[in-house]
Each structure stands twice: as C-alpha cells, then as structure tokens.
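So you can see what is in the structure, the chains are spelled out below.
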Amino acid sequence: MMERDQAGSRAPQKKLVKSSICCVWHGVCPAQWKSNWRTAQMKHMPETALRTAAYPVIFPMSEVDREISFSEIKIFGLSLSSASPEVAASHIVGRAVHGRKTTVNFINAHCVNVARKSRSYRRALGQTDFLLPDGFGIEIAARMSGLEKPENLNGTDLFPLICRRAATQGASLFLLGGLPGVADAAAAWACGQYPSLRIRGTQDGYFDKQDEDALVERINRSGAAILFVGFGVPLQEKWIARNRHRLDAPVVLGVGGLFDYYSGRIPRAPAPIRATRCEWAWRFAMEPRRMAGRYLVGNAIFLALAAFEAARVTGMERIAGRAAKRALDVVAATLALVALLPLFMATALAIRLEDNGPVFFRQKRIGANGRTFSMIKFRSMYTDAEARREALLSRSDRAGPCFKMQDDPRITLVGKLIRRLSIDELPQLFNVLGGSMSIVGPRPALPAEVAQYRGRQWERLSGKPGITCSWQVKGRAEIPFHRQAIMDRAYLRRQSLMTDLKLMALTVPAVIGGRGAY
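Calculation rules
- Residues numbered from 1 in each chain as written.
- Predicted model: local features only at pLDDT ≥ 70, side-chain atom pairs only at ≥ 80, totals over all residues.
- Heavy atoms only, no water.
- Phe/Tyr/Trp six-rings, centres within 6.5 Å; stacked < 30°, edge-to-face > 60°.
- Helix = DSSP H or I, 4+ residues; strand = E, 2+ residues; numbered from the N terminus.
- Buried < 20%, exposed > 50% of the residue type's maximum accessible area, 1.4 Å probe, protein only.
- Patch = residues over 30% accessible without salt bridge, like charges linked within 9 Å, V, L, I, M, F, W, Y side chains within 5 Å.
- Areas by Shrake-Rupley, 256 points an atom, 1.4 Å probe, with all protein chains shown as cover.
- Salt bridge = Lys/Arg side-chain N within 4 Å of Asp/Glu carboxyl O.
- Core = buried A, V, L, I, M, F, W, Y, C linked by side-chain atoms within 4.5 Å.
- Contact = heavy atoms within 4.5 Å.
- Axes fitted to C-alpha atoms, helices over the stretch in contact; angles between N-to-C directions.
- Left-handed = near helix turned anticlockwise from the far one by under 90°.
- Nonpolar A, V, L, I, M, F, W, Y, C, P; charged D, E, K, R; others polar.
- Arc of directions from axis to C-beta.

A.B. asks: Got a sec to walk through the packing of aromatic side chains? Specific residues and values, please.
C.D. replies: Enumeration according to the criterion identifies 14 aromatic pairs in this entry. On the numbers, 5.3 Å between centres and 85° between planes, the contact of phenylalanine 159 with phenylalanine 228 is edge-to-face. Of this pair, phenylalanine 159 sits in helix 8 (residues 155–169) while phenylalanine 228 sits in strand 7 (residues 226–230), placing them 69 residues apart in sequence. Looking at phenylalanine 228, the relative accessible area reads 1%, which means it is buried. On the numbers, 6.0 Å between centres and 55° between planes, the contact of phenylalanine 207 with phenylalanine 231 is tilted. Here phenylalanine 207, found in the loop between strand 6 (199–203) and helix 10 (212–222), pairs with phenylalanine 231, found in the loop between strand 7 and helix 11 (235–243); they are 24 residues apart in sequence, far enough to count as distant. A single burial state applies to phenylalanine 207 and to phenylalanine 231, both of which are buried. Each member of the aromatic cluster is reached from another via a ring pair, and the members are Phe159, Trp189, Phe228 and Tyr262.

A.B. asks: For unusual backbone geometry, give the residues involved together with the corresponding values.
C.D. replies: Following valine 233, the chain continues to proline 234 via a peptide bond in cis, the omega torsion being 5°. With respect to the secondary-structure elements, proline 234 resides in the loop between strand 7 and helix 11. In the Ramachandran plot, asparagine 369 falls in the positive-phi region, its phi being about 60° despite a non-glycine side chain. Take asparagine 369: it is sitting in the loop between strand 9 (360–366) and strand 10 (372–378). The phi torsion at serine 422 lies on the positive side, around 60°, for a residue other than glycine. Turning to its location among the elements, serine 422 is positioned in the loop between helix 19 (413–420) and helix 20 (428–434).

A.B. asks: Could you give an account of a nonpolar patch on the surface, with specific residues and numbers?
C.D. replies: Nonpolar side chains collect at one region of the surface, where Leu296, Val297 and Ile301 lie side by side and expose about 250 Å² of accessible area between them. Looking at where valine 297 falls in the secondary structure, it is placed in helix 15 (residues 288–314).

A.B. asks: Tell me about the nonpolar core, and name the residues and values.
C.D. replies: Formed by 42 residues in total, the largest nonpolar core has its most connected members in Ile226, Phe228 and Leu253. Ranked by residue count, the leading element in this core is helix 8, at 7 residues. Contact partners of leucine 253, with chain neighbours within four places excluded, come to Ile92, Val104, Phe106, Ile162, Ile226, Leu227, Phe228, Val229 and Ile240. Formed by 25 residues, the second largest nonpolar core is a distinct cluster that contains Met375, Val414, Leu426 and Val473.

A.B. asks: Please set out the packing of helix 14 (residues 279–286) against helix 15 residue by residue, giving values where relevant.
C.D. replies: Packing of helix 14 against helix 15 leaves a shortest axis separation of 7 Å and a crossing angle of 145°. Here helix 14 runs over helix 15; the crossing is left-handed. Each of Trp280, Arg283, Phe284, Ala285 and Met286 in helix 14 lies in contact with helix 15, whose residues at this interface are Pro288, Arg290, Met291, Ala292, Tyr295, Leu296 and Asn299. Of the residues belonging to the contact of helix 14 with helix 15, the class tally is 9 nonpolar, 1 polar and 2 charged.

A.B. asks: Account for helix 10, naming residues and giving values.
C.D. replies: Those residues of helix 10 that fall on the buried side of the exposure criterion are Glu212, Leu215, Val216, Arg218, Ile219 and Ser222. Considered in projection along helix 10, the buried side chains sweep an arc of 160° and stay on one side of the axis. Where helix 10 is buried, its residues contact strand 5 (173–177), strand 6, strand 7 and helix 11. Following helix 10 by one or two positions, glycine 223 adopts a phi angle in the positive range, close to 75°.

Here is the structure:
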C-alpha cells in the first residue's frame, strides 16, 4: 500500500525504531576491526557467531559476485536476473555495503499481467537494475519458451537471507510499507532472528502525498543501506522510480506484501504446499474476495500471454501467422470467386465481343524470393501490346523501373473500363488459390522492372505478392515507385492478420474512388 487517495484520517507518523525493536550497533576500534576481519575468514566459523556479532563482517565483492552471479533470461520483453537465493542475497547486500546504487524488483505472473496494461509500470521496470523471477508462473513461461529454468527468487524467501547477510556485514535496513504496525512487527521478527541486525526505521504505507518529501528526507537521515518498499504492484515500482534519484540508500527493493508474512498478519502457506508450488492457492484461500481476480482470472490471462510469448520466441508465431494468412487467402478468394461469378462472365463476354481475342492474359512476373510465376489478368490491351511496349517506354508517366502510361494507346475500350474499376485484376484470385499470390502483398513486378531495382528496393520481393497493398489504397499509380517500395517494405515488416483485413476493407472504397487507376 502507499498514499491514500480516499478521504480518511492519516496514520500517525512513525518514529525511528528504537533498540527495543532492533539491535543496538556497538562501536569497535580499528584494531578490533582487523581482528574481527581475520575471524570472519575462518573456514568453520559457526553461523550463530555471525548472527550475534557486534561488529561488521564485510565480505569483499569478488569478480564472480560482480559480473557473473546472475544469468540473464529474456522473456515478455523483460531481462530477468536468475541466481541461487544465497548468491542473490549475497550480491544485494554486497552492493549495499560497497555503496553501489541498485534497484531491485520482482516479476511474477501478476506483474506480467499488469505490465501488459500499464505503460508507466513498464517504464518503471525499465529503470530497474535487477528484475528477479518470482513464482511458478515465470518458470512455466520460461519452459514453454524453451528457456533456462529460472530460480524462484521471491522476496519472502530472500528477506531472511538478506537480513542474515546484512547483520554480519553491517548493512542497515529501513522498512517502508504495509498497514500501521506491520513494518514494526516485521522489524521485530528480523531482529529477533538476527540480534546484530540494524534496522534504522520503519514507516507504514499510509501517508499523505504532501508528506513524501519529509519521508524521503527521513529515510536519508537514517543512513539505511537497504530500503525495502512494500506498497504492492505497481505502486511500489512507480514510487521507487519517481524517488530513486533522491534516495541515498544504495539498494532499494520493491517487496510487495512481504511485511504481512513476517509480521504474522497473514500466515504463510505450510512448507508442503510451498513445495508443490501452490502457494498462490493458499493465498487465495486466505483472501478469496481480494485475490479472486488476480489468481482465477489473472492466471488464465497469464497462461495465454505465456503461450503467445512461447510462439514468438520459438518462431511458431511466424509459422502461425503464415498459416492464418494462407487460410484467409483461400477463404476470401473462394468466396469472392463465387460472389463475382456473374461479373466474370459479363467481363469475359465483353472482351470477346470487342476484338474476338482471348479473354485472359498471362504474363511472367517475379514473386516471393525472386521466383517467377504466371500471373492471370483479364485482357485489357490489344493482342500486340507486348510488342509495342518497347517503343512506349520513353513516354512513361512514372519515374523508376515501373512503366505506367495514363493514355496508353494499347488499351482497348473495354480495357479502359475494367482497369478503371480494377476488374482486370480479379482473375488473380486463381493465383491466390494456387499459392503464388496472396490477397494482400506487394504488387508483382515484371522481370525487366526487377532488373532495375536499386538498394533496398529488392526487399519488396521478400514476401508473397498480392492483389492489393498499402499503396494501392492510397493513390495507386500516383505514388512514385520509390515510395511504393518503402511502403511495401514497411508492410512486410509489420504484416499481420489485422493489417490484411484492414487493407482489404480499404480496397473497396479505393476502387470505387478510382484515384490513380489507369
């Protein structure tokens, strides 16, 4: 919890925790320090001696601690740091002792769901130095994506390990968050377990916004090396990101409801339940009304997100996308051919009656990855059009390799009408059914045009050609070729089922409007 938005009385400001709650720090002289340092290096020093030590035992950060303590796991667009709990706790306390500013947050299934909807939360996570994997959900998602199994570094398990290390190395703590009295009780538990632990202060999470400056100043005056912030997700991460630049504590951790467990306010799941990785079910049983949305609905959403992430990571997303695009092509082409059958028959009859020539025109075009195929169109030109093309190249209305002429003398009377309404392109639906073309994609080019491509224009050949495309619905022949190539490349980078459906819908008004059609 954090600042209250609703009206109500403000919880009393907490004072620094006195020695009745936390351990007293005993001063030692330099000579004692040296002696104690040697003692700390003893191989078989009992843990009880370290827990009750009245002097700091500072372990130097080795190269291993600094550089390779954590392995990196990238999932859901986040970079998670995984290590054993003992190594993680050692690393965190080591950075605090050596004054290295570090922000630590935890990522569990609920965090992933929140990050999907909250841009400000994602931005706060982006300012974190270490994102630690928390819970069975992250492990499931990692396995689905074929990634390394992450450690379960939840804050509740790390807290006693950090306290133990902090007690022996002289790193003091400040606990911020929870209901009034909860942080005090958690501090009392920690000092009861580790008598040499120094807790510089506590503060509940119910304070007014205008008191935030005073709170930050109080935390800084305390001299705490590690600040635990327990407001819950996403408030704690946002609060840390907003105030990190003015917090002097070297290490700041966002720990959620950690204080509730160690204060005794909420009992933690028994060890057998934790061993089966079902602690979430216990938490739900403790607070069913508050946790129903998070665990019943939230877990289902998370598993769906994990499946999509696995598809993306393993490449299945691209395969599924191609399959969906092909299914759309087949269904749309079949329905269009059935619906447009009368128009096909009328167009074929008109072409035949005009000059008694063939109804269809086949032309070699360049398809996906440079493969040639035979494209079918309704014939809109005289039968000697190809022989006359060379003589007309100099009169092209379009700069670049693509020849286009507004008053092309090779076009028949019927051809002018069917080209104006793009009816001449409809037989390409057979190409779509055959698999050489798609409904949406870069328009297929002639071999002579492809031979003149320069620079990145070749990239428009990396996808299956289509009947319609992004520039077809935005001006067609009025758009110069270099712009067409740019728009085609942009489509191929971002193509999706929704993009195809949108372009198909925009094609109808573009055809009726007739802009750039000749």
